[in-house]
Amino acid sequence: MITTTLNPAVGRGELPFVDGFHPGRPLVVNFYRPAGHRPNDPVIVVQHGMLRNGDDYRDFWIDAAEKHNLLIVAPTFPDEAFPKAESYNNGLVVSEDGTIAPRGQWLYTVPERVLDALRAGGAIDSPVIRIFGHSAGGQFVHRMLAIEGGELFAAAMASNPGWYTLPTLERRFPEGLGGLGLDREALARWLAYPMILFAGDQDIVTDDPNLPAQPEALAQGPHRYGRAHFMLDFARAEAARLGTACNWSLITVAGVGHDGAAMSRAAAAYWFEGRIPEVEELKPQGAVA
């Protein structure tokens, strides 16, 4: 049965979610709901990394949820139903035969339908909604903004992606946006959206087996931190060529590498306290992709 309503209990929990466009690929949505959260209090959508560990990413935000009264919503795409990067990071956009799949099969509208189900269930009304994705989730988030736009989200962060879809129609997806039926106006809208590239300055490992190493990724730089700078430079040059605005920013988190927990804590502090904590406060405990 398709999921049309969600109303998570107070505290830490999860609920099954069957999307109407992917009825044979069940998801889980991991939640944290503070006791004091009301329907117009802030919401954070969190996109997990390649380990498909939405429960961990939900947990990374619990301290901030309690401190700032946030509803944490972590849609989780199990590897069994959504295998490999093509079925999560790249949103099921490209079929196994290399052709572009029908738009209704693309994953990037799933967060919107999860939010619609929360509204239908009375858990949210018209709150300020932000979205954060780390690693593979950072790939998901910036591609979602490129393709679907950012109207749902007051703010969006792509944290430590392994590589990027570039803001150009001249390269085929996922290297660029070519082949998707998007036009120059869609490209200008993405460039105008205030997307945050959130980058740990110690995410500079070059021999990580999970670091994308296809030629298109290597052309963006030897490591994730370098690729974030490449992405911003490319976007600014493309915006100048098109005569449009680029409202993206790159925010560096000093002393942190490919650590989903530390980057989540840094994101929460940036959004709700106006600061990036020192590394001693972030206490990175090792890589979580």
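Structure shown above.
The following refers to the structure shown. (Residues numbered from 1 in each chain as written. Predicted model: local features only at pLDDT ≥ 70, side-chain atom pairs only at ≥ 80, totals over all residues. Heavy atoms only, no water.)

1. A look at the packing of helix H5 (residues 184-192) against helix H7 (residues 224-242)
One way to put it is that H5 packs onto H7 with a least axis distance of 11 Å and a crossing angle of 130°. The orientation of H5 relative to H7 falls into the category oblique. H7 is crossed by H5, and the crossing has left-handed handedness. Here Arg 184, Leu 187, Trp 190 and Leu 191 of H5 come into contact with H7, specifically with Met 231, Ala 235, Glu 238, Ala 239 and Leu 242. (Axes fitted to C-alpha atoms, helices over the stretch in contact; angles between N-to-C directions. Helix = DSSP H or I, 4+ residues; strand = E, 2+ residues; numbered from the N terminus. Parallel < 35°, antiparallel > 145°, perpendicular 65-115°, else oblique. Left-handed = near helix turned anticlockwise from the far one by under 90°. Contact = heavy atoms within 4.5 Å.)

2. Let's talk about H5
Because each turn of an α-helix spans 3.6 residues, side chains separated by three or four positions in sequence point in the same direction. Among all positions of H5, only Ala 186, Leu 187, Trp 190 and Leu 191 are buried. Along H5, the residues classed as buried sweep out an arc of 135° about the axis, all on the same side. Across H5 from its buried face, at more than 90 degrees, point the exposed residues Glu 185 and Arg 189. Of the surrounding secondary structure, the elements contacted by the buried residues of H5 are helix H4 (136-148) and H7. (Buried < 20%, exposed > 50% of the residue type's maximum accessible area, 1.4 Å probe, protein only. Arc of directions from axis to C-beta.)

3. What to know about the environment of Pro 42
Looking at where Pro 42 falls in the secondary structure, it is placed in the loop between strand S2 (27-33) and strand S3 (43-47). By relative accessible area, Pro 42 is classed as partly exposed at 21%. In this structure, the C-alpha to C-alpha distance between Pro 42 and Val 29, residues 13 residues apart in sequence, is 17 Å. Excluding anything up to four places from it in sequence, Pro 42 contacts His 37, Asn 69, Leu 70, Leu 71, Val 128, Arg 130 and Phe 272.

4. Comments concerning the side chain of Ser 87
Within the element layout of this structure, Ser 87 appears in the loop between strand S4 (71-76) and helix H3 (110-120). Residue classification places Ser 87 among the buried positions, given a relative accessible area of 8%. Not counting residues within four places of it along the chain, the set of residues in contact with Ser 87 comprises Arg 25, Phe 82, Leu 92 and Leu 107.

5. Here we look at the pattern of salt bridges
As a working rule, side chains carrying opposite charge can pair if their charged atoms are close by. Enumeration over the complete set of coordinates arrives at 14 salt bridges. For Arg 224, the salt bridge is made with Asp 208, and the minimal N-O distance between the two is 3.0 Å. In this pair, Arg 224 is assigned in helix H7 and Asp 208 in the loop between strand S7 (196-200) and helix H6 (215-218), connecting sequence segments 16 residues apart. Assessed through its relative accessible area of 4%, Arg 224 is described here as buried. (Salt bridge = Lys/Arg side-chain N within 4 Å of Asp/Glu carboxyl O.)

6. Thoughts on the pairing of S7
Of all the 5 residues making up S7, 5 are buried; the element is thus mostly covered by neighbouring parts of the structure. The side-chain alternation of S7 yields two buried faces, one formed by Ile 196, Phe 198 and Gly 200 and the other by Leu 197 and Ala 199. Where strand S6 (residues 155-159) meets S7, 3 bridges bridge the pair, whose relative direction is parallel. By the bridge assignment, Ser 159 is partnered in S7 with Phe 198. (Pairing = 2+ DSSP bridges.)

7. Description of the pairing of S6
Buried residues dominate S6, accounting for 5 of its 5 residues. Burial along S6 is two-sided: the face carrying Ala 155, Met 157 and Ser 159 and the face carrying Ala 156 and Ala 158 are both buried. As defined by bridge partners, strand S5 (residues 129-134) adjoins S6 across 5 bridges and the pair is classed as parallel. For Phe 132, the partnering residue across the bridge sits in S6 and is Met 157. In terms of handedness, the path from S5 via H4 over to S6 forms a crossover that is right-handed. Handedness of the crossover is the feature at issue here: the chain leaves S6, passes through H5, returns alongside S7, and the resulting connection is right-handed. (Right-handed = clockwise from strand over helix to strand, strands pointing away.)

8. Some remarks on the packing of aromatic side chains
For the coordinates displayed, the defined rule picks out 11 aromatic pairs. Between Trp 61 and Trp 271, the aromatic rings sit 6.4 Å apart at their centres with planes inclined by 35°, giving tilted as the arrangement. Of this pair, Trp 61 sits in the loop between helix H1 (54-60) and helix H2 (62-68) while Trp 271 sits in helix H8 (residues 260-273), and the two are 210 residues apart along the sequence. Overall, Trp 61 belongs to the buried group, its relative accessible area being 0%. Here Trp 271 falls in the buried class, since its relative accessible area comes to 13%. Ring-pair connections join several aromatic residues into one group, and the members of that group are Phe 77, Phe 82, Tyr 88, Tyr 108 and Phe 140. (Phe/Tyr/Trp six-rings, centres within 6.5 Å; stacked < 30°, edge-to-face > 60°.)

9. Let's talk about the side chain of His 37
Assignment of secondary structure puts His 37 in the loop between S2 and S3. A relative accessible area of 3% places His 37 in the buried class. Within the structure, His 37 has its side chain in polar contact with the backbone oxygen of Asp 41 (distance 3.3 Å). The residues contacting His 37, other than those within four sequence positions of it, are Pro 42, Val 43, Asn 69, Leu 70, Leu 71 and Ala 123. (Polar contact = N/O pair within 3.5 Å; in protein donor to acceptor, adjacent residues only side chain to side chain.)

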